[in-house]
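# Breakdown of the fold
These are the residues of each chain, in order.
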Amino acid sequence: LAAQISAPPMIPFLVYGSLKTGQLVLGKNIHESIFNSGIHSVSSIWENMKVHLFEYIIGSMVFAAAMAILFGLITYIILRIIGKKVLVNVEEGTSL
């Protein structure tokens, strides 16, 4: 949750992604989730949270690892491209 605190608008997307990833990894019915249950009261919210907590925990770990790899690769590729441009400019004797 530490990463989510710094970007509050992302929290719903991260929770949803974590739940769906957990359901996929655990082989649960993807359409049966806390979002489709028609929550109407505080007690039903707590019950749904208890039911889907394990899916969320597993999903958040897998989702975090997948996003770390994905964004790590994207960053690596961007830095390799930028690094080549800087190296060419230095060799030509020009500056950015």
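See the structure above.
A brief look at the structure comes next. As the structure is a computational prediction, the values presented were derived from the model and not from experiment. (Residues numbered from 1 in each chain as written. Predicted model: local features only at pLDDT ≥ 70, side-chain atom pairs only at ≥ 80, totals over all residues. Heavy atoms only, no water.)

## Observations regarding the overall build of the protein chain
Of the regular secondary structure elements, the protein chain holds 3 helices and 0 strands. Across the 96 residues that make up the protein chain, the buried fraction comes to 18%. By sequence separation, contacts in the protein chain at least 24 residues apart represent 52% of the contacts at least 6 residues apart. Roughly 7,400 Å² of accessible area belongs to the protein chain as shown, and the carbon and sulfur atoms make up 73% of that amount. (Helix = DSSP H or I, 4+ residues; strand = E, 2+ residues; numbered from the N terminus. Buried < 20%, exposed > 50% of the residue type's maximum accessible area, 1.4 Å probe, protein only. Contact = heavy atoms within 4.5 Å. Areas by Shrake-Rupley, 256 points an atom, 1.4 Å probe, with all protein chains shown as cover.)

## Examining the pattern of salt bridges
Applying the stated criterion across every chain yields a total of 1 salt bridge. Between Lys28 and Glu55 there is a salt bridge, and its shortest N-O distance comes to 3.9 Å. Of this pair, Lys28 sits in the loop between helix 2 (11–26) and helix 3 (42–92) while Glu55 sits in helix 3, and the two are 27 residues apart along the sequence. Note on Glu55: relative accessible area 5%, which makes it buried. (Salt bridge = Lys/Arg side-chain N within 4 Å of Asp/Glu carboxyl O.)

## So, the side chain of Ser18
Mapped onto the secondary structure, Ser18 falls in helix 2. Ser18 sits in the buried class, given a relative accessible area of 3%. Residues contacting Ser18, with those up to four places away along its chain left out, are Glu55, Tyr56, Gly59, Ser60 and Phe63.

## Some words on the environment of Ser60
Looking at the element boundaries, Ser60 is found in helix 3. Classification of Ser60 as partly exposed rests on a relative accessible area of 22%. Sequence separation between Ser60 and Leu14 is 46 residues, and the spatial gap between their C-alpha atoms is 8.1 Å. One polar contact links the side chain of Ser60 to the main-chain carbonyl oxygen of Ile57, over a distance of 2.9 Å. (Polar contact = N/O pair within 3.5 Å; in protein donor to acceptor, adjacent residues only side chain to side chain.)

Any functional reading would require information that these geometric values do not contain.
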